[in-house]
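Structural characterization, general
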Amino acid sequence: MSSPKSLITRKAAKAVVAHSAHGSISKVKRRPVRSGVLLAAGGVLGAAVGFLIGRRSAPSPHAAAAHDDAPGTNAGAPRPVASVPDEAARAAGSATSVT
């Protein structure tokens, strides 16, 4: 059973949504061109903001390289090189071979 608090919250949210929908429909009926222009402008602005936020939060492909050049890092240290087992080791079934 729902608590009285959640029931009141749900009813209030439903009333707000219904009121907002009614007002929006009323405005569209009165001035449809203005509503369409505002809706399109909001969509374009929302897409642009979403794109920019996505670009800012995405990891940069050059982030590791930029970090290596930063002062205080081991910029002069050699990078580890992945070793590839040769064909003889692979054929012999060595523990280091990757199949």
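From a predicted model like this one, the values you see are computed outputs, not experimental measurements.

Overview of the overall build of the protein chain
Within the protein chain, the regular secondary structure consists of 4 helices and 0 strands. Carbon together with sulfur atoms contributes 67% to the accessible area of the protein chain, which is approximately 9,000 Å² in total.

Here's the deal with a nonpolar patch on the surface
Residues L45, V49 and I53 make up a contiguous nonpolar surface patch of roughly 290 Å² in combined accessible area. Mapped onto the elements of the fold, I53 is located in helix α2 (residues 32-57).

A few points about the confidence of the model for the protein chain
Across the protein chain, pLDDT averages 77, with 59% of residues at or above 70. When the elements of the protein chain are averaged for pLDDT, helix α3 (residues 63-68) gives the smallest value, 54, and α2 the largest, 92.

Cut-offs used in this document
- Residues numbered from 1 in each chain as written.
- Predicted model: local features only at pLDDT ≥ 70, side-chain atom pairs only at ≥ 80, totals over all residues.
- Heavy atoms only, no water.
- Helix = DSSP H or I, 4+ residues; strand = E, 2+ residues; numbered from the N terminus.
- Areas by Shrake-Rupley, 256 points an atom, 1.4 Å probe, with all protein chains shown as cover.
- Patch = residues over 30% accessible without salt bridge, like charges linked within 9 Å, V, L, I, M, F, W, Y side chains within 5 Å.
- Salt bridge = Lys/Arg side-chain N within 4 Å of Asp/Glu carboxyl O.
- pLDDT = per-residue confidence, 0-100.

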